[in-house]
Amino acid sequence: MAMYPRSSLHNWRSTVSDYWALTKPEVNVLVLASTLAGFYLGSRGPLSGLRLAHTLLGTLLVASGTATLNQFIEREYDARMRRTANRPLPAGRLAPSWALGFGVLLSAAGALDLALAVNALSSLLALLTLGSYLAFYTPLKRRTPLCTLVGAFPGAMPPLIGWAAARGSLGREAWVLYAVLFLWQFPHFLGIAWMYREDYARAGYIMLPPKDVDGRFTGREIFVFTLALLPVSLIPVFLNQAGAIYCLGASLVGLAFLFCGARLAHSRSNALARRLVLASVIYLPLLFGLMMVDKIST
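Keep in mind the model is a prediction, meaning the values are calculated, not measured.

Caption draft 1: Region of the structure containing the environment of Thr129. Note on placement: Thr129 falls in helix α6 (residues 120-140). The class for Thr129 is buried, based on a relative accessible area of 16%. It is 6.6 Å that separates the C-alpha atoms of Thr129 and Met157, two residues lying 28 residues apart in sequence. Those residues in contact with Thr129 that sit more than four places away from it in its chain are Pro154, Met157 and Ile161.

Caption draft 2: Local environment of the pattern of salt bridges. Within this structure, the stated rule accounts for 5 salt bridges. In this structure, Arg87 and Asp78 form a salt bridge, with 3.3 Å as the shortest nitrogen-oxygen distance. Note that Arg216 and Asp214 form a salt bridge whose closest N and O atoms lie 2.9 Å from each other. In this structure Arg216 comes out as partly exposed when scored by relative accessible area, which is 46%.

Caption draft 3: Highlighting unusual backbone geometry. A positive phi is found at Lys24, a non-glycine position, where the angle reads about 55 degrees. As for its placement among the helices and strands, Lys24 is situated in the loop between α1 (6-22) and α2 (25-42). The phi dihedral of Arg268 is positive, around 55 degrees, even though this residue is not glycine. Mapped onto the elements, Arg268 comes out in the loop between α13 (244-267) and α14 (270-293). Taking the relative accessible area as the measure of exposure, Arg268 reaches 17% and is therefore buried.

Scoring rules and cut-offs
- Residues numbered from 1 in each chain as written.
- Predicted model: local features only at pLDDT ≥ 70, side-chain atom pairs only at ≥ 80, totals over all residues.
- Heavy atoms only, no water.
- Helix = DSSP H or I, 4+ residues; strand = E, 2+ residues; numbered from the N terminus.
- Buried < 20%, exposed > 50% of the residue type's maximum accessible area, 1.4 Å probe, protein only.
- Contact = heavy atoms within 4.5 Å.
- Salt bridge = Lys/Arg side-chain N within 4 Å of Asp/Glu carboxyl O.

These values are about where atoms sit, not about what they do.
Here you go:
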């Protein structure tokens, strides 16, 4: 039996791990959860498992390609930040040209899968997400704190992709899901920006208002958007999209999330920012999960 040298096996595993890291799998978990929610809530009649599988695969590939291309663009700046300096590109473990090709390949494969196996609208939305994220959000991170607002538009696309994949069109219920994810991004990403404000500044990223040294404005932003998220998350009940179980559950998790936002707005410590970010990644799939469980069939 042929045996591979340990060093070669280790290098192969390390390379695979680096390419995997380029796709940002921790982010893609939430992308897939949001896409799944959009697909399930947009479905009428029996759920098509094959169509769902292609929807998730295509969306995952485009999201992974977007993350890879974003790291390709930002590799020089990532090298200046402690939290990103050890990523494959700034650390020099992968050649930028290979990462570029990998990102393009993933994006093209995902868009093609959605177009051929699902429908044109879902593919178009995925490509629109990729294009607007890379063309607007990525460069604006070094120019204005409004980048979070700009990035929230493509960032809220996953449930629209899922809904479009299931139904072939977008209704008002789909846009409610979009609004939920749009608002959710502000406490989530502003919490991250506050935690790593010094690291971002080191790389020249303007994620927070430069004059907001004590974080009062950022804290108010977080509180306002988290507060706005609470009534918006209840709109599905009034649209007869979800029932009483969802109404109660969404109210409780919304109030808990608001409490975390209010604590950070008051004290603005890194520890509270970390708790808010953790609460946000629990809140979103829990909210969508409740909506799916208590879906009212139409």
